[in-house]
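This is what each chain is made of:
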Amino acid sequence: MDRVLVLGQGGREHALAWKLAQSPQVERVFCAPGNPGTAHEPKVQNLHLASDDHTGLVEAVHRLAISLVVIGPEAPLVAGVADRLRRAGVAVFGPNADGARLEGSKLYAKAFMARHGLPTAAYGRFTELDAARAFLRQQDLPIVVKADGLASGKGVVVASSRSEAEQAVDKFLRQGPILIESFLEGEEASYIAIVADGQVLGLAGSQDHKRLLDRDQGPNTGGMGAYSPAPVLDPHMAERVRREIMVPAARGLMAEGISYRGFLYAGLMIGRDGPRILEFNCRLGDPETQPLMLRLRSDLYPLLLAAARGEPLPPQIQWDPRTALCVVLAAAGYPDAPRTGDAIHLPAALPADSKIFQAGTCERDGTTYTQGGRVLGVTVLGADVAAAQRRAYDIVQQISWPGMQFRRDIGWRARA
Ligand code: AMP
Ligand code: GLY
């Protein structure tokens, strides 16, 4: 029986740990640091390791006889934690720092897309205020301004006026180089694949809801909800994304000498001319993971282990045909200044085919409190999107804390 270690502490990692613990091949899942949700999962145990203590991490992996480490968030991947573990002979699911640059630097990602003929928006790269402003004056509106590095969703401004664009340029240039990118029209979707040294095994499609408020209004967030399947990524479109984006990307990585073993996430804009890449991420999406794990029927563990070892992947994965939908419940003040320490009232019991994944929570004396921006992800299966919405919002109604925020329209594009 094998032991797995999941690095991270969000809703994505709770869903991963929950799914991996269901594998008959897995004896125990450790989460570092995990959260109160993972702590209460059968077969799952939290580990307290300082996130920058890489020596301690390698030591713990050996001491606990861990057979696979799955790295959830982008920050440790970009920081080279996978490299460090691989050097110590550990099987790791998650790319090395060279592959994680696809997320860690938007300029690197755009140059990679250009080298491999991947469809994306036209852009300019700027390091000087005057040149950026002069370029802006010649562009149509809306226009998109992006900071180069990791910014947890705060490094992108879609500006509908020139003054808004100039403000973003001023702000982002203070932190480093920027991109000014043409605006793409269409509907967004997430295509995530397991990539292993040129092999691509696509997951089911999903759709995130990045804006804070109903009907996609308000500021961008890490994601207020998600569902799968997403009608915009129908089998025909998913095949195009695989052929036009994921396979050339995976081959491009190989051709550049990058051994990429991990999730590769393409944030897409599906427009009239087909799919265009908005961004690459080097990990699963949060909250897309929550509905994906509820729909996944295949055992996740052997898939990730095979990818981590660079072994052949099966041609397909089994999915529940129903719709899975996740409603994120966020703290008061999210996304700018989330308030912590509010006591959460949780339902005593949950119906079948539903799960509350925890993210920004902590626990004291048997009570759960808010501890971060996105607090819980109420995730359900339903016969269709409408049924999944009813089931999810029935549960949401039974949860409360002061200032709890959530969207009431998760899945609306699938019903429009
Ligand atoms: P990103 O972090 O690059 O995915 O950008 C965050 C969000 O900004 C995306 O989910 C889109 O909603 C929006 N966005 C980014 N780039 C573009 C673009 N070129 N055209 C339209 N919207 C964009
Ligand atoms: N849900 C979007 C992301 O994880 O980047």
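Below: a short report on this structure. Sequence positions are assigned chain by chain, starting from 1 and proceeding in written order. Chain letters start at A and ligand numbers start at 1, both assigned in the order the entries are written. Under the rules for a predicted model, residues below a pLDDT of 70 receive no local features and side-chain atom pairs below 80 are neither given nor counted, while totals for whole chains, interfaces and linings still include all residues. The side-chain quantities take in all heavy atoms of the structure and omit both hydrogens and water.

**Focus: the site of ligand 2**
Turning to step 1, where the next piece is worked out: Contacts to ligand 2 come from Asp-208, Gly-222, Tyr-265, Asn-281, Arg-283, Gly-285, Asp-286, Pro-287 and Glu-288.
Turning to step 2, where the next piece is worked out: Distance and chemistry together define a polar contact, namely a pair of N or O atoms within 3.5 Å, with one atom able to donate a hydrogen and the other to accept it when in protein, and with adjacent residues in sequence counting only for side-chain atoms on both sides. In the environment of ligand 2, an oxygen atom lies 3.3 Å from a nitrogen or oxygen atom belonging to the side chain of Asn-281.
Turning to step 3, where the next piece is worked out: Between ligand 2 and the protein, one listed contact pairs an oxygen atom with a side-chain N or O atom of Arg-283 at 2.9 Å.
Turning to step 4, where the next piece is worked out: In the complex, the protein chains occlude 91% of the 200 Å² of accessible area that ligand 2 would expose alone.
Turning to step 5, where the next piece is worked out: Classification used: nonpolar for Ala, Val, Leu, Ile, Met, Phe, Trp, Tyr, Cys and Pro, charged for Asp, Glu, Lys and Arg, polar for all others including Gly. Its residues placed into classes, the shell around ligand 2 shows two nonpolar, three polar and four charged. Any residue with a non-hydrogen atom lying within 4 Å of a molecule or strand is treated as near it. Using the Shrake-Rupley algorithm and a 1.4 Å probe, accessible areas are obtained, with residue cover drawn only from the displayed protein chains.

**What about the site of ligand 1?**
Turning to step 1, where the next piece is worked out: Around ligand 1 sit 15 residues, and of these Glu-181, Ser-182, Leu-184, Glu-188 and Glu-279 come closest.
Turning to step 2, where the next piece is worked out: At 3.1 Å, a side-chain N or O of Lys-210 approaches an oxygen atom of ligand 1.
Turning to step 3, where the next piece is worked out: Against a free-state accessible area of 470 Å², the protein chains account for coverage of 92% of ligand 1.
Turning to step 4, where the next piece is worked out: Elements with a minimum of two residues in the shell around ligand 1: β7 (143-147), β8 (156-159), β9 (178-182) and β17 (274-281).
Turning to step 5, where the next piece is worked out: Here the shell around ligand 1 is composed, by residue class, of eight nonpolar, one polar and six charged. In this text, helices come from DSSP runs of H or I with a minimum length of four residues, and strands from runs of E with a minimum of two, each type numbered from the N-terminal end.

**Observations regarding the pattern of salt bridges**
Turning to step 1, where the next piece is worked out: We define a salt bridge as a side-chain nitrogen of Lys or Arg found within 4 Å of a carboxyl oxygen belonging to Asp or Glu. The tally for this structure, following the rule as stated, stands at 23 salt bridges.
Turning to step 2, where the next piece is worked out: The salt bridge involving Arg-243 is made with Glu-244; its shortest N-O contact spans 4.0 Å.
Turning to step 3, where the next piece is worked out: Taken together, the shared-partner salt bridges connect Asp-216, Arg-407, Asp-409 and Arg-413 into one network.

**Notes on the sheet that holds strand β16 (residues 261-271)**
Turning to step 1, where the next piece is worked out: One bridge is not enough; two strands pair if DSSP finds at least two bridges between them. Spatial ordering of the open sheet is given by β11-β10-β16-β17, a layout of four strands whose pairing is antiparallel. Both outer strands of the open sheet, β11 (199-202) and β17, are each paired with one neighbouring strand and no more. Sheet twist, expressed as the mean angle between neighbouring strand axes with direction ignored, is 35 degrees.
Turning to step 2, where the next piece is worked out: Pairing of β16 with β17, which is carried by seven bridges, proceeds in the antiparallel orientation. Paired with Ile-270 across the two strands is Pro-275, which belongs to β17.
Turning to step 3, where the next piece is worked out: Its contacts with the sheet put helix α10 (residues 235-255) on β10 (187-196), β11, β16 and β17, and the angle it makes with β17 is roughly 45 degrees. Only the stretch in contact is used when fitting a helix axis, every axis being a line fitted to C-alpha atoms; angles between N-to-C directions are given from 0 to 180 degrees. Between two residues, a contact is recorded if the distance between any of their heavy atoms is within 4.5 Å.

**Focus on the packing of helix α1 (residues 11-21) against helix α12 (residues 300-309)**
Turning to step 1, where the next piece is worked out: Where α1 meets α12, the axes come as close as 8 Å, and the angle between the chain directions of the two elements is 105 degrees. The orientation of α1 with respect to α12, classified from their angle, is roughly perpendicular. On α12, the residues touching Leu-16, Lys-19 and Leu-20 of α1 are Leu-300, Tyr-301 and Leu-304.
Turning to step 2, where the next piece is worked out: In terms of residue class, the contact of α1 with α12 is built from five nonpolar, no polar and one charged. What sets the label is the angle itself: under 35 degrees gives roughly parallel, over 145 gives roughly antiparallel, 65 to 115 gives roughly perpendicular, and the rest give oblique.

**What to know about the sheet that holds β9**
Turning to step 1, where the next piece is worked out: Read from one edge of the open sheet, four strands run β6-β9-β7-β8, paired in antiparallel fashion. If you trace the sheet from one side to the other, it starts and ends with β6 (123-126) and β8, each paired once. The average undirected angle you get between the axes of adjacent strands in this sheet is 20 degrees.
Turning to step 2, where the next piece is worked out: Relative to β8, β7 is paired through four bridges, and the arrangement is antiparallel. Counted as the bridge partner of Ile-143 is Ala-159 from β8.

**Some remarks on the pairing of strand β4 (residues 68-71)**
Put simply, side chains in a regular strand alternate between the two faces of the sheet.
Turning to step 1, where the next piece is worked out: Neither face of β4 is left uncovered, since the one carrying Leu-68 and Val-70 and the one carrying Val-69 and Ile-71 both have all their residues buried.
Turning to step 2, where the next piece is worked out: As judged from the four bridges shared by strand β1 (residues 2-8) and β4, these two strands associate in the parallel manner. When the sheet's bridge partners are listed, Val-4 is paired in β4 with Leu-68.
Turning to step 3, where the next piece is worked out: With two bridges connecting them, β4 and strand β5 (residues 92-93) associate as parallel partners. Following the sheet pairing, Val-69 is matched in β5 by Val-92. Relative accessibility under 20% of the residue-type maximum defines a buried residue, over 50% an exposed one, and the middle range a partly exposed one, all with a 1.4 Å probe and only protein chains included.

**With respect to the nonpolar core**
Turning to step 1, where the next piece is worked out: Here, the term nonpolar core denotes a set of buried Ala, Val, Leu, Ile, Met, Phe, Trp, Tyr and Cys residues that are joined through side-chain atoms within 4.5 Å. Counting 72 residues, the largest nonpolar core has Leu-5, Leu-85, Phe-280, Leu-329 and Ile-399 as its most contacted members.
Turning to step 2, where the next piece is worked out: Per element, the largest residue contribution to this core is eight residues, and it comes from α10.
Turning to step 3, where the next piece is worked out: Not counting residues up to four positions away in its chain, the partners in contact with Phe-280 are Leu-102, Glu-103, Phe-112, Met-113, Leu-118, Ile-245, Ala-249, Leu-264, Tyr-265 and Ala-266.
Turning to step 4, where the next piece is worked out: Ala-21, Val-26, Leu-292 and Leu-381 belong to the second largest nonpolar core, which has 43 residues in total.

**Focus: the state of the cysteines**
Turning to step 1, where the next piece is worked out: Two cysteine sulfurs form what is called a disulfide whenever their separation falls within 2.5 Å. For the coordinates displayed, the defined rule picks out zero disulfides.
Turning to step 2, where the next piece is worked out: A disulfide-free cysteine, Cys-31 has its sulfur positioned 17 Å from the sulfur of Cys-362, the nearest such atom.
Turning to step 3, where the next piece is worked out: For Cys-31, a relative accessible area of 0% gives the class buried.
Turning to step 4, where the next piece is worked out: Judged by its relative accessible area of 15%, Cys-362 falls in the buried class.

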